[in-house]
Amino acid sequence: MSDTILRSNEDGEVVTIELKENTVIIVLGASGDLAKKKTFRNNFLPKDAKIVGYARTKMDRAEFLSRAKSSIKTPTKDIEAQLAKFCESLSYISGQYDQDDSFQTLTKHLEDLEKGQKETNRIFYMALPPSVFISVSEHLKRNCYPKSGIARIIVEKPFGKDLGSSRELQRALAPNWKEEEIFRIDHYLGKEMVKNLLILRFGNSFFGATWSRHHIDNVQITFKEPFGTEGRGGYFDEFGIIRDVMQNHLLQILTLITMERPISFSAEDIRDEKVRVLRAMPSIEPKNVIIGQYGKSLDGSKMSYKDDESVPRDSRCATFAAMVAYIKNERWDGVPFIMKAGKALNEQKTEVRIQFRDVTSGIFKDIPRNELVIRVQPNESVYIKMNSKLPGLSMQTVVTELDLTYRRRFSDLKIPEAYESLILDALKGDHSNFVRDDELDASWRIFSPLLHYLDDNKEIIPMEYPYGSRGPAVLDDFTASYGYAFSDASNYQWPVTGGNEKL
């Protein structure tokens, strides 16, 4: 455990950040899947920090420790010692989400841990379903807000289901929590390659010179998962792939790709530029969208989405979507941003693929376009597909790459989990990688008309695609209609130590 970390200041210089001591992190929903998978992993907590789990599930401390330890990852060799020290900081309280006396019991436990300290810092992490969000936030402020020190509340997505419900949530928070106390977490903003986008763009002049509609033909942002809902379709069916992935994760990546250079690395300067991009984007038009829902795998070994017992038999929920967004500003006007996301596809992948315009004809008759590919996960990498002369006596061209693959170049460094990075940011009060209220409002404005259109028109049925496929059969025609030029480049072979060139 440590009470200092290294971070960059507003000028990009590496500085040591002192984390607040006397900190208690309260995980609301501590018995749930999100808390187990994502929250109990941090190896850089402030000195003497305490973690309190709170949920409706009744369990003793031993069971809580067992759940927490089952998901902890630590980079050190002395695992047992690390686990033992970490477990000393853990405790658990069972209570309801809508009763003052339950939260008063939580407060008494917190005061016992804080042992009469004059200044106490409490971080409330809400790993909760939206249905209890407002009630819990109100009860926390009324019963658990510290009398002195710092209070912060970390809110998990979804932040509503559309513009109206999002604004309702924000209005519910506003009387009790200041904007600087609220940390709306989108874990994609904590991923190493997403955090690297600002450096790649603004720290390399050769990228900046070509980063506009004059040189870029189209941009694809792709999210693929090789598994379906697998028994958790009841939750997913309420939201669908557009709300679950595209309105937040993919749109956040899009803003970082397209924003103008911020004045500094400070949180407000970065978020100001992201909001300017969102305000320049018209709402997504239904004509620029295709949706799909996975069926059985071709070999019959994987069941369809509707075969999931938790999914309604007549569900029209989209498990796949591809859509095109535009930005109406001088830099990007006319460039299609193709966002694709789906479950039960052929591979796991999140990447950005920027395709540049065709080389001027003349000496070349048919030569593939250059592409810049930023692989977010897995196997983080950045590579440029470029044309080169094939070695030998001829002037034949061959597609090759300039390649930065992280596991080769930075093999001795540990890349932190996204949640590790973001929780540390919240502990030190850095909002740079969290969603601001006006940013959330602007993002829902872009998606809400489309979501209402799909929800209200019962005759719109998602196209079925086989479990384990690349998506609906019309996908290639769809992307081609917006200018994406696929080249199989039969003489191109991605190095076996690198990524995967499937689309």
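Thresholds, definitions, all that
- Residues numbered from 1 in each chain as written.
- Predicted model: local features only at pLDDT ≥ 70, side-chain atom pairs only at ≥ 80, totals over all residues.
- Heavy atoms only, no water.
- UniProt positions renumbered as here; feature names shortened; annotations may be inferred.
- Pairing = 2+ DSSP bridges.
- Helix = DSSP H or I, 4+ residues; strand = E, 2+ residues; numbered from the N terminus.
- Axes fitted to C-alpha atoms, helices over the stretch in contact; angles between N-to-C directions.
- Contact = heavy atoms within 4.5 Å.
- Parallel < 35°, antiparallel > 145°, perpendicular 65-115°, else oblique.
- Buried < 20%, exposed > 50% of the residue type's maximum accessible area, 1.4 Å probe, protein only.
- Salt bridge = Lys/Arg side-chain N within 4 Å of Asp/Glu carboxyl O.
- Expected span 1.5 Å × (residues − 1).
- Arc of directions from axis to C-beta.
- Phe/Tyr/Trp six-rings, centres within 6.5 Å; stacked < 30°, edge-to-face > 60°.
- Lys NZ or Arg CZ within 6 Å of the ring centre and 35° of its normal.
- Lys, Arg positive; Asp, Glu negative; His and termini not counted.
- Polar contact = N/O pair within 3.5 Å; in protein donor to acceptor, adjacent residues only side chain to side chain.

- Looking at an unreviewed UniProt entry, one finds the protein named Glucose-6-phosphate 1-dehydrogenase, with Eremomyces bilateralis CBS 781.70 as its source organism.
- The record held by UniProt for the protein lists under Catalytic activity (unreviewed entry) the comment "D-glucose 6-phosphate + NADP(+) = 6-phospho-D-glucono-1,5-lactone + NADPH + H(+)".
- Turning to the protein, the UniProt annotation filed under Sequence similarities (unreviewed entry) states: "Belongs to the glucose-6-phosphate dehydrogenase family."

## Side note on the sheet that holds strand β11 (residues 320-325)
- As summarised here, the arrangement of the 9 strands in space is β16-β15-β14-β13-β9-β12-β11-β10-β18, forming an open sheet in which the pairing is mixed. Since the sheet does not close on itself, it has two edges, and those belong to β16 (397-405) and β18 (463-466), each with one partner. This sheet shows a mean twist of 20° between the axes of neighbouring strands, independent of strand direction.
- Sheet strands touched by helix α10 (residues 233-258): β9 (216-224), β11, β12 (337-342) and β13 (349-356). Its angle to β12, the strand with the most contacts, is close to 145°.

## Re the packing of helix α5 (residues 133-143) against helix α6 (residues 163-173)
- As a packed pair, α5 and α6 sit with axes 10 Å apart at the nearest point and diverge in direction by 10°. What the angle tells us is that α5 and α6 run roughly parallel. Across the interface between the two elements, Phe133, Ile134 and Ser137 of α5 pack against Leu169, Ala172 and Leu173 of α6.

## Some thoughts on the pairing of strand β6 (residues 121-126)
- Counting buried residues in β6 gives 6 out of 6 residues, a clear majority hidden from the surface.
- The side-chain alternation of β6 yields two buried faces, one formed by Asn121, Ile123 and Tyr125 and the other by Arg122, Phe124 and Met126.
- As defined by bridge partners, strand β3 (residues 23-28) adjoins β6 across 6 bridges and the pair is classed as parallel. Bridge pairing links Leu28 to Met126 in β6.

## Overview of the pattern of salt bridges
- Under the counting rule described, the total for this entry stands at 29 salt bridges.
- Note that Lys349 is salt-bridged to Glu351, the shortest N-O span being 3.7 Å.
- Looking at Glu351, the relative accessible area reads 2%, which means it is buried.
- Where salt bridges share partners, they join Lys224, Glu347, Lys349, Glu351, Arg353, Glu371, Arg375 and Lys385 into one cluster.

## A closer look at helix α11 (residues 267-279)
- Over its 13 residues, α11 extends 18 Å from the first C-alpha to the last, a length consistent with the 18 Å expected when each residue adds 1.5 Å.
- Residues Ala267, Asp269, Ile270, Arg271, Glu273, Lys274, Val275, Val277 and Leu278 constitute the buried set of α11.
- Against the buried residues of α11 lie α8 (197-202), α10, β17 (434-435) and α14 (437-456).

## Side note on the sheet that holds strand β7 (residues 151-156)
- Read from one edge of the open sheet, 7 strands run β5-β4-β3-β6-β7-β8-β17, paired in mixed fashion. Only two strands of the sheet have a single partner each, and these edge strands are β5 (90-94) and β17.
- Pairing analysis gives 5 bridges linking β3 to strand β4 (residues 50-55), with the strands arranged parallel. If you follow Leu28 over to β4, its bridge partner there is Tyr54.

## Focus: the environment of Leu372
- You can see Leu372 is positioned in strand β14 (residues 371-377).
- Placed 18 residues apart in sequence, Leu372 and Ile354 show a C-alpha to C-alpha distance of 5.1 Å.
- With residues near it in sequence (within four places) discarded, Leu372 still touches Phe207, Trp211, Val352, Arg353, Ile354, Phe356, Val382, Tyr383 and Ile384.

## Topic: helix α4 (residues 100-114)
- The terminal C-alpha atoms of α4, which comprises 15 residues, lie 21 Å apart, in line with the 21 Å expected from a rise of 1.5 Å per residue.
- Listed as buried for α4 are Ser102, Phe103, Leu106, Thr107, His109, Leu110 and Glu114. Projected onto a plane normal to the axis of α4, the buried residues spread over an arc of 160° and lie on a single side.
- Tucked inside the fold, the buried residues of α4 contact β3, β4, β5, β6 and α5.
- Phi turns positive one or two residues past the end of α4, at Lys115, with a value near 50°.

## Describing the packing of aromatic side chains
- All told, the structure shown has 15 aromatic pairs when counted by the stated rule.
- Grouping aromatic residues by their ring pairs yields a cluster made of Phe236, Tyr294, Tyr305, Phe320, Tyr465 and Tyr467.
- The aromatic ring of Phe239 is capped on one face by Lys161, whose charged end is 5.8 Å from the ring centroid.
- Its end group placed over the ring of Tyr326, Lys328 keeps NZ or CZ at 5.8 Å from the ring centre.

## Focus: the side chain of Arg152
- The residue Arg152 is located in strand β7 in this model.
- One buried charged side chain, Arg152, makes no salt bridge at all; its nearest oppositely charged neighbour is Glu181, positioned 8.0 Å away.
- Among the polar contacts listed, one links the side chain of Arg152 to the backbone oxygen of Ala426, at a separation of 3.0 Å.
- With near-sequence residues (within four places) excluded, Arg152 lies in contact with Arg122, Ile123, Phe124, Glu181, Phe183, Ala426, Leu427, Lys428 and Gly429.

## Some details on the pairing of β13
- Counting buried positions over the 8 residues of β13 gives 8, a clear majority of the element.
- Burial along β13 is two-sided: the residues Lys349, Glu351, Arg353 and Gln355 and Thr350, Val352, Ile354 and Phe356 are all buried.
- Inspection of the sheet shows β9 paired to β13 by 8 bridges, in the antiparallel sense. Counted as the bridge partner of Ile221 is Val352 from β13.
- As judged from the 6 bridges shared by β13 and β14, these two strands associate in the antiparallel manner. Pairing of Glu351 across the sheet is with Arg375, part of β14.

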